[in-house]
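Per-entry structural report
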Amino acid sequence: MGLINKLTNFIEKKISTARVDSVSAETSTKLAFKALAIQIAVSYIANAISKCEIKFYKNGKKDTQSYQYYLWNVKPNNNQSGSEFINKLVTKMLTNPDGALVIQNNGKIYVADSYQRQPYPFREDEYSSICIETLSLNKTFKASEVLHFRLEDENISELINSVYMEYGKAISYALDSFLKVNSSKFKMKIKQDKIGDLTFNEYYNQFLKEQLKDFLESNNGVYPENEGFDLQEFKTGNQTKNCDDLVKLRKDMFQMVGEAYKIPISMMEGNINNVTEIIKQFITFGVEPWTKLIEDVINAGCWNYEEWKKGCKVKIDTSKIAYTTLLDGADNASKLIANTICCPDEVRELFGLDSIEEEFGKQFFITKNNSKAEDVMDGTAEGGKE
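Here goes a summary of the coordinates provided. (Residues numbered from 1 in each chain as written. Predicted model: local features only at pLDDT ≥ 70, side-chain atom pairs only at ≥ 80, totals over all residues. Heavy atoms only, no water.)

Section: the packing of aromatic side chains
- Applying the stated criterion across every chain, the model contains six aromatic pairs.
- Both rings, one in Trp 72 and one in Phe 85, keep their centres 5.5 Å apart while their planes meet at 85 degrees; by these two values the pair is edge-to-face. With Trp 72 in helix α3 (residues 67-73) and Phe 85 in helix α4 (residues 82-95), this pair connects stretches of sequence that are 13 residues apart. For the residue pair Trp 72 and Phe 85, the accessibility class agrees, reading buried in each case.
- Here the guanidinium or amino end of Arg 123 rests over the ring plane of Tyr 120, the centre of that ring lying 3.7 Å away.
- We note Lys 313 situated over the ring of Tyr 57; from NZ or CZ to the ring centre the distance is 5.3 Å. (Phe/Tyr/Trp six-rings, centres within 6.5 Å; stacked < 30°, edge-to-face > 60°. Helix = DSSP H or I, 4+ residues; strand = E, 2+ residues; numbered from the N terminus. Buried < 20%, exposed > 50% of the residue type's maximum accessible area, 1.4 Å probe, protein only. Lys NZ or Arg CZ within 6 Å of the ring centre and 35° of its normal.)

Here's what the structure looks like:
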């Protein structure tokens, strides 16, 4: 019995110290399909709106010399240009469930990086814990002191997140399946007399595992194989798996995000054939709802009723989003002038050209060989001559 007990104790000791952990190369098990799709969609809309001119009107006439025009189009604050500011504003509007918040300080305007809103049904909402980059503001602002850009019925980011919670499982499963089939596996044959050796276990855990890990993760690696160790590739047959499932899932995710942000799927995929029609759809459904929101918030926050009644307002011109060459737009430019839709300077502005800075550049014309509108109305023009 004493011999049996000794043998049992010896075997148990060997088993308790014989644990040799496997080594695996660390590989990300998830692809950021959602983040990439949202980033592409948001950048499309933000970049498009940042190209737009934010027009301010005083007494019903465009005022490019006002300080508000300068703030929103040229230099909103000491650290941003007009396009950078609008890009950040739109990005916050599209990605933050609470929308974007703009505050004014010392004659400059800033987009808040984070804030807390306390809504009240019968008095002004309050905004606190406002952070701009690394600066935290201790002040609590009332609704009349800030501009809050948010579509009340739109919470796109939360909608996408809720869908992705289930959809992401399919992506993770497809990726794991792809990696399992196509990854390389190895087995290491170790002499049995080393398995229960405490010195070997310590060496394995401290040095050998790190060497194996570096070897598995490197593209061109050298593994120093000691006597008593035999590293062999574990053959699983010639089975391979392509990434078609991942490509399909990626396409589905991009399509879902595109539909949420009203962006044509061909733009999300980067495969645009009918450019003109696609851009029209994008501007109409993906851009102008947001520019209308920006207009409404600025109009409501910058002018009282008396000022609004006198013609003080803001409009965002989306006509510059689509690119048109002079040759492509020449015929339409002529029609715009001939039908009193635009004056010559306004048409030149559409093509990115400087105004003529002459009186006739601001003159409106009408048909009958582009006679002056007032001459046609007076009946003094005939065949283009007075």
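From this point, the discussion proceeds with the structure in view.
So, α4
- Given a rise of 1.5 Å per residue, 14 residues ought to cover 20 Å, and the 20 Å separating the end C-alpha atoms of α4 matches this to within 8%.
- Looking at α4, one finds that the buried residues are Gly 82, Phe 85, Ile 86, Leu 89, Val 90, Lys 92, Met 93 and Leu 94. (Expected span 1.5 Å × (residues − 1).)

Overview of the sheet that holds strand β2 (residues 61-62)
- Taken together, the three strands give an open sheet; going across it, the order is β2-β1-β12, and neighbouring strands pair in antiparallel fashion. The sheet terminates laterally at β2 and β12 (313-317), the two strands that pair on one side only.
- Against the sheet, helix α10 (residues 275-302) engages β1 (53-58) and β12, with an angle of about 165 degrees to β12. (Pairing = 2+ DSSP bridges. Contact = heavy atoms within 4.5 Å. Axes fitted to C-alpha atoms, helices over the stretch in contact; angles between N-to-C directions.)

Points about the packing of α4 against α10
- Here α4 crosses α10 at 110 degrees, and the two axes come no closer than 12 Å. Judged by the angle between their axes, α4 and α10 are roughly perpendicular. Only Trp 290, Leu 293 and Ile 294 of α10 make contact with α4, whose side of the interface consists of Leu 89, Val 90, Met 93 and Leu 94.
- In the contact of α4 with α10, the residues fall into seven nonpolar, no polar and no charged. (Parallel < 35°, antiparallel > 145°, perpendicular 65-115°, else oblique. Nonpolar A, V, L, I, M, F, W, Y, C, P; charged D, E, K, R; others polar.)

Considerations on the environment of Asp 317
- Mapping Asp 317 onto the fold places it in strand β12.
- Residue Asp 317 is classed as buried on the basis of its relative accessible area of 14%.
- Through-space distance from the C-alpha of Asp 317 to that of Cys 52 is 5.5 Å; in sequence the pair is 265 residues apart.
- Apart from residues lying up to four places away in sequence, Asp 317 is in contact with Cys 52, Glu 53 and Lys 55.

A closer look at the environment of Ile 130
- Mapped onto the elements of the fold, Ile 130 is located in strand β6 (residues 126-132).
- By relative accessible area, which is 0% here, Ile 130 ends up buried.
- Taking the C-alpha atoms as reference points, Ile 130 and Gln 116, separated by 14 residues in sequence, lie 6.9 Å from one another.
- Those residues in contact with Ile 130, other than ones at most four positions away along the chain, are Leu 101, Ile 103, Ala 112, Ser 114, Tyr 115, Leu 135, Ser 136, Leu 137 and Phe 141.

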